[in-house]
Amino acid sequence: MTDTAAAHPVRWRLKRPSIIPGFGVTLGFSLAYLSLIILIPIAGLLWRTAGLGWEGFLAVLADRRTQDALYISFGTAFVAALVNVVFGVIVAWVLTRYDFPGRRLIDAMVDLPFALPTAVAGIALAALYAPNGWIGSLFMPFGLRIAFTPLGIVVALIFIGLPFVVRTVQPVMEEIDREVEEAAATLGANRFQTVFKVILPGLTPAILTGFALAFARGVGEYGSVIFIAGNIPYVSEIAPLLIVIRLEEFNYAGATAVATIMLLISFAMLFFINLVQAWSRRRYGHG
Amino acid sequence: MEVTISNIRKEFERFPALNDVSLKIASGELIALLGPSGSGKTTLLRLIAGLDFPTAGQIFFGEEDASHRTVQERNVGFVFQHYALFRHMTVAENIGFGLKVRPSGNRPARTEIRRRVSELLEMVQLSGLEKRYPNQLSGGQRQRVALARAMAIEPRILLLDEPFGALDAKVRKELRRWLREFHDRTGHTTVFVTHDQEEALELADRVVVMSQGKIEQVGSADDVYDRPGSPFVFSFIGESSQLPIEVKSGTVLFQGQPVGILESQEGEGDLFFRPEDVVLVDAPDALFGKVTACRRLAGTRIAEIDIANEGHAPYHVEVEVPLHAPVALGSELRFRPTRWKVFFK
């Protein structure tokens, strides 16, 4: 017998991360791709902002207009994502639980906000919700203006974010075991208790993911919002619009500063949501 | 709680799953519903639980007509094959669920629920695992949590759907014995569904053998094994061989050859016998055939024989041969069934 160890001299190498081949190639590709598409542009953004200096940056941050724009952007995105959680879970429920004529049509319609140019959505929503529009005029007698106020922004962001919640919750909901619901019923739980104590908690990780996606999308949305928001500084001006305004003033550093602040807040919030998700996955034992 | 099932019919979209089934279950009895898949045994269990409603017929709990009561009102303990535990709840929360969802007037205090949960955990021998989540337990442990959860509501009857179906053979055997002890200790009327005849015969007071939406026979393990009431029961439970015969003037004839004596009835039918109920003989008036295979089965040895009389298609039968005297393949074996049963056409 030959000594196989001698035939293959031991070379120093990293501990193999997995038995599946192709780690080196795929990781290299991922890093190169992420660098080109995400990391280098972000680095450029930070570098431009740095040109402003620490004081200039703080001055942008201290500006009331910046603060209000950020507040409106994050606030409306948050509210819209919350509404979408409720709305989206109900839509997903209807689509997975019931078989009715037109179900496939509605299922397909859910994805429309993905495909429709956002400007088209914004114009359509603005026309509908304007004080003299079909829906807006219904609310006017109550003194409620929807279009051209932050409320209009929320409406646009609900439209944009809905598919994110539906499409993340739907597959998980489809996998819920009927037996679990029947078990709850045999133990005496009524339908309400079964839904709120058994089904919904099991969907928590998926709902959180949908919320995070809808929220992130809402923060970055520009096209549809600017048509319905009215864009009044300090009232209904979103941060992305403020960035565009600064660019048009050739104030590139100011624009990148606002962008950097948005980036930092978004990153912090998404990171936090990710932590909550990891915790809930561990707790609920799946995902 | 005594359960009476009276002329139950159940159709799923015009396909009859149960056809005129009646059964009386005595209080404190441990009953097995045994049958191949599609025989309607799980459907019957779900009808008793109220998870489905019958197309026709009634179900009584004691004197009370429970047919139209909802599953929540029936107060039955149901254990599912795949446990159906709530995976976002701990073991203790799972077991306490049935008490916690009661309307507030009827709901025990929190400390009382906790006490009951730890009592039940002790009963299913899982003390100390209160804080675990279901995915941190083994299959056998999960099934016992499911049982404790079903027992927490003090059910009037306990229903188990293939309770050991998803477990491996060893755990299955342990849990089987454990369930018998558990039943003897608590005395609940218990109905369980199984397709495993060994499980049904070993565990149950009475076995209900079902086939194609009908009850074939109800009886003790001895009844259904030693005195099968139908060809189906004879062939479904235990090993058996089947030969087409004719009874003429008191003699049972297989392809013209006398096999035994039967004076009660004449006509054509099928003769059934078990591999262990034969005697090997050296006489000319016995059944004989070529040995096509010989296999060891636990404590016995079984020979497979093709009986081929001239001018007839061969019939395949199995007989037990002495453990220490294996028979050669291709050799001729003569035997006579000692215990057999004829079912006339």
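Keep in mind it's a predicted model, so treat the numbers as computed, not measured. (Residues numbered from 1 in each chain as written. Chains lettered and ligands numbered in written order. Predicted model: local features only at pLDDT ≥ 70, side-chain atom pairs only at ≥ 80, totals over all residues.)

## Details of helix α7 (residues 118-129) of chain A
Then comes step 1: In a regular helix each residue adds 1.5 Å, so twelve residues correspond to 16 Å; α7(A) covers 16 Å between its end C-alpha atoms and thus fits that length.
Then comes step 2: Next to the buried residues of α7(A) lie α6 (112-115), α8 (136-139), α9 (150-174) and α12 (225-228) of chain A. (Helix = DSSP H or I, 4+ residues; strand = E, 2+ residues; numbered from the N terminus. Expected span 1.5 Å × (residues − 1). Contact = placed C-beta atoms within 7 Å.)

## Things to note about the interface of chain B and chain A
Note on interface size: it is often stated as the accessible area lost on association of the parts.
Then comes step 1: Taken residue by residue, the interface counts 20 residues in chain B and 18 residues in chain A.
Then comes step 2: Only α2 (71-74), β6 (76-79) and α3 (91-100) of chain B provide two or more residues apiece to the side of chain B that touches chain A.
Then comes step 3: Within the side of chain B that touches chain A, the residues separate by chemical class into twelve nonpolar, five polar and three charged. (Nonpolar A, V, L, I, M, F, W, Y, C, P; charged D, E, K, R; others polar.)

## A word on the pairing of β6(B)
Residue and element names in this part refer to chain B.
Then comes step 1: Judged by which residues are buried, β6 turns out to be covered on both faces: V76 and F78 on one side and G77 and V79 on the other are all buried.
Then comes step 2: Bridge count for β6 against strand β7 (residues 157-161) is four bridges, and the pairing is parallel. Bridge pairing in β7 links G77 to L158. (Buried ≥ 20, exposed ≤ 12 C-beta atoms within 10 Å, placed from the backbone. Pairing = 2+ DSSP bridges.)

## Some details on the packing of α3(B) against helix α4 (residues 110-123) of chain B
Residues and elements named next belong to chain B.
Then comes step 1: For the pair α3 and α4, interaxial distance at closest approach is 9 Å and the crossing angle is 125 degrees. One element, α3, and the other, α4, form an angle in the oblique class. Between α3 and α4 lies a crossing whose hand is right-handed. Along the contact surface, α3 presents A92, I95, G96, L99 and K100, while α4 presents I113, R116, V117, L120 and L121. (Axes fitted to C-alpha atoms, helices over the stretch in contact; angles between N-to-C directions. Parallel < 35°, antiparallel > 145°, perpendicular 65-115°, else oblique. Left-handed = near helix turned anticlockwise from the far one by under 90°.)

## Regarding the pairing of strand β11 (residues 241-248) of chain B
Residues and elements named next belong to chain B.
Then comes step 1: Residue alternation in β11 divides its side chains into a buried set, S241, L243, I245 and V247, and an unburied set, Q242, P244, E246 and K248.
Then comes step 2: The pairing of β11 with strand β14 (residues 267-273) spans seven bridges and is antiparallel. Residue L243 lies in a different strand from β14, and its bridge partner there is L271.
Then comes step 3: Pairing of β11 with strand β12 (residues 251-254) involves three bridges; the strand directions are antiparallel. Across the sheet, residue K248 finds its bridge partner in β12, namely T251.
Then comes step 4: Between β11 and β12, which pair antiparallel one after the other, the connecting turn spans two residues, and S249 there sits at a positive phi close to 40 degrees.

## Side note on unusual backbone geometry
All names here are of chain B.
Then comes step 1: Even without a glycine there, the phi angle at A84 is positive, about 50 degrees.
Then comes step 2: Summarising the element assignment, A84 is placed in the loop between β6 and α3.
Then comes step 3: Overall, A84 belongs to the buried group, with 23 C-beta atoms counted inside 10 Å.
Then comes step 4: Even without a glycine there, the phi angle at Q125 is positive, about 60 degrees.
Then comes step 5: You can see Q125 is positioned in the loop between α4 and α5 (139-152).
Then comes step 6: Note on Q125: 12 C-beta atoms within 10 Å, which makes it exposed.

## Considering the sheet that holds strand β4 (residues 56-61) of chain B
Residues and elements named next belong to chain B.
Then comes step 1: Taken in spatial order, the four strands make up an open sheet running β2-β1-β4-β5, and their pairing is antiparallel. The open sheet has two edge strands, β2 (15-25) and β5 (64-65), and neither has a second partner.
Then comes step 2: Relative to β5, β4 runs antiparallel, the two sharing two bridges. Note on β5: the bridge partner recorded for F61 is E64.

## Topic: the nonpolar core
Then comes step 1: In terms of nonpolar packing, the biggest core is built from 99 residues, with B:A32, B:L159 and B:V208 touching the most fellow members.
Then comes step 2: The biggest single contributor to this core is α5(B), with seven residues.
Then comes step 3: When sequence neighbours within four positions are dropped, the list of residues in contact with B:L159 reads B:L45, B:I48, B:A49, B:V76, B:G77, B:F78 and B:V191.
Then comes step 4: Listed in part, the 55 residues of the second largest apolar core include A:V155, A:L157, A:I228 and A:M262. (Core = buried A, V, L, I, M, F, W, Y, C linked by C-beta atoms within 7 Å.)

## Quick look at the confidence of the model for chain B
Then comes step 1: Chain-level statistics for chain B give a pLDDT mean of 90 and a share of 100% at 70 or above.
Then comes step 2: At the level of chain-chain contacts, confidence expressed as ipTM amounts to 0.84, with global pTM at 0.79. (pLDDT = per-residue confidence, 0-100.)

## Here we look at the sheet that holds strand β18 (residues 315-321) of chain B
All names here are of chain B.
Then comes step 1: Taken in spatial order, the five strands make up an open sheet running β15-β19-β16-β17-β18, and their pairing is antiparallel. At either end of the open sheet lies a strand with only one pairing partner, and these are β15 (278-280) and β18. Pairwise comparison of adjacent strand axes, ignoring direction, gives a mean angle of 45 degrees for this sheet.
Then comes step 2: Alignment of strand β16 (residues 287-297) against strand β17 (residues 300-307), held across seven bridges, turns out to be antiparallel. Bridging from a neighbouring strand, R295 pairs with I302 of β17.

## Brief notes about the packing of α4(B) against α5(B)
All names here are of chain B.
Then comes step 1: Running from amino to carboxyl end, α4 crosses α5 at an angle of 135 degrees, the nearest separation of the two axes being 9 Å. Viewed along their axes, α4 and α5 adopt a mutual orientation that is oblique. Of the two elements, α4 crosses α5, and the hand of that crossing is right-handed. Contacts between α4 and α5 involve R116, L120, L121 and M123 from the former and A148, M151 and A152 from the latter.
Then comes step 2: Counted by class, the contact of α4 with α5 contains six nonpolar, no polar and one charged residues.

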